[in-house]
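# Structural description and commentary
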Amino acid sequence: MKKTLFTAIAALASFTGFAQDAKPGAGKMFLAGSLGYSRSTPETPKGAPDPDAAGTLTFSPSFGYFLDDKMAFGARLSFRKESQKNFEGGNSFGFGVFGRYYHSLSETGNFQLFGEAALGYQTSTAQYVKGGTKPDPTTGFGFGVAPGLGWYPGKRLAIEFTLPSLLAFSTSKTSKDSDASAKNFQIGASTLAQPASLTVLFFLK
């Protein structure tokens, strides 16, 4: 598969009230977000017409609050939109909560390791041929535990990198009229609950 990938990291920010130091501390709040876009074109036999490219847009804003310089809690939203000629659907929406524990790697606190536990809900509709029968939405829950590393270089912003979940569980169900559901459990790097992500944070008072 030939793929062109473009990823932009964006942040949501307030126009007033930034903190003096962009690093964990009691009572501090932050807004953050990630924005990504990917475009792919399937390979075809030589001489065959080129297939239509498929694009995927993702956006995930979040908010967090520090209880002290080690513990933080927050919430996040997630949006995903797939687009391809002659197809409809391919949308998903999710929301969840997370908790983090931080450990400083330096005396200044500019580098921090953290562990994150996250619980989320998501609903999605698969792509289908335009004019065809719309499939039932798939809904599900996911839980994951993941490590991360944060860099807090200035007064306003920070950059955090979160690895894929090391412990993950998810369950999903498609048909409203069926009792059957899909369940997944995995120990080791997994994207069941959360993929790797790079996020820009803005700290608020």
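Refer to the preceding data block for the structure.
Below or above, wherever it landed, is the structure these notes cover. (Residues numbered from 1 in each chain as written. Predicted model: local features only at pLDDT ≥ 70, side-chain atom pairs only at ≥ 80, totals over all residues. Heavy atoms only, no water.)

On a plain count of helices and strands, the protein chain comes out with zero helices and 13 strands. Element order for the protein chain, N to C, with α for helix and β for strand: β-β-β-β-β-β-β-β-β-β-β-β-β. Across the 205 residues of the protein chain, 29% fall into the buried class. Residue pairs in contact within the protein chain that sit at least 24 positions apart in sequence constitute 62% of those at least 6 positions apart. For the protein chain, the computed accessible surface area is about 12200 Å², with 61% contributed by carbon and sulfur atoms. (Helix = DSSP H or I, 4+ residues; strand = E, 2+ residues; numbered from the N terminus. Buried < 20%, exposed > 50% of the residue type's maximum accessible area, 1.4 Å probe, protein only. Contact = heavy atoms within 4.5 Å. Areas by Shrake-Rupley, 256 points an atom, 1.4 Å probe, with all protein chains shown as cover.)

With that settled, consider the environment of G96. Looking at the secondary structure, you find G96 in strand 6 (residues 91-104). Its relative accessible area of 12% is what places G96 among the buried residues. For the pair G96 and R76, spaced 20 residues apart in sequence, the C-alpha to C-alpha distance is 5.5 Å. The contacts of G96, once residues within four sequence positions are left out, are G74, A75, R76, L119 and G120.

Bringing the packing of aromatic side chains into the picture now. The full count for this structure, using the stated rule, is 12 aromatic pairs. Seen from their ring centres, F66 and Y102 are 5.3 Å apart, and the 50° between their planes marks the pair as tilted. Separated by 36 residues along the polypeptide, F66 in strand 3 (residues 54-66) and Y102 in strand 6 bring together distant segments of the chain. Here a set of aromatic residues connected by ring pairs shows up, and it is made of F30, F66, Y102, F114, Y152 and F203. (Phe/Tyr/Trp six-rings, centres within 6.5 Å; stacked < 30°, edge-to-face > 60°.)

So, about the pairing of strand 3. Bridging between strand 3 and strand 4 (residues 71-83) involves 10 bridges; their strand directions are antiparallel. Looking at the pairing, T58 lines up with R80 of strand 4. Linking strand 3 to strand 4, which pair antiparallel, is a turn of four residues. (Pairing = 2+ DSSP bridges.)

A separate point is the nonpolar core. Within the largest apolar cluster, 13 residues are counted, with the highest numbers of intra-cluster contacts made by F30, F66, Y102, Y152, A158, L201 and F203. Mapped by element, the contributors of at least two residues to this core are strand 2 (29-41), strand 6, strand 7 (111-125) and strand 13 (197-204). (Core = buried A, V, L, I, M, F, W, Y, C linked by side-chain atoms within 4.5 Å.)

According to the stated counting rule, one finds four salt bridges in the structure shown. Note that R76 is salt-bridged to E116, the shortest N-O span being 3.2 Å. Pair noted here: R76 is in strand 4 and E116 is in strand 7, with a separation of 40 residues, a long-range link. For R80, the salt bridge goes to E82, with nearest N and O atoms at 3.3 Å. Its relative accessible area of 38% is what places R80 among the partly exposed residues. A cluster of three or more residues bridged by salt bridges with shared partners is formed by R76, R100, E116 and E160. (Salt bridge = Lys/Arg side-chain N within 4 Å of Asp/Glu carboxyl O.)

Time to look at the side chain of Q112. Among the structural elements, Q112 can be located in strand 7. A polar atom in the side chain of Q112 sits 3.3 Å from the backbone oxygen of G109. Those residues within four positions of Q112 in sequence are excluded, and the remaining contacts are P24, Y102, H103, S104, L105, G148, L149, G150 and Y152. (Polar contact = N/O pair within 3.5 Å; in protein donor to acceptor, adjacent residues only side chain to side chain.)

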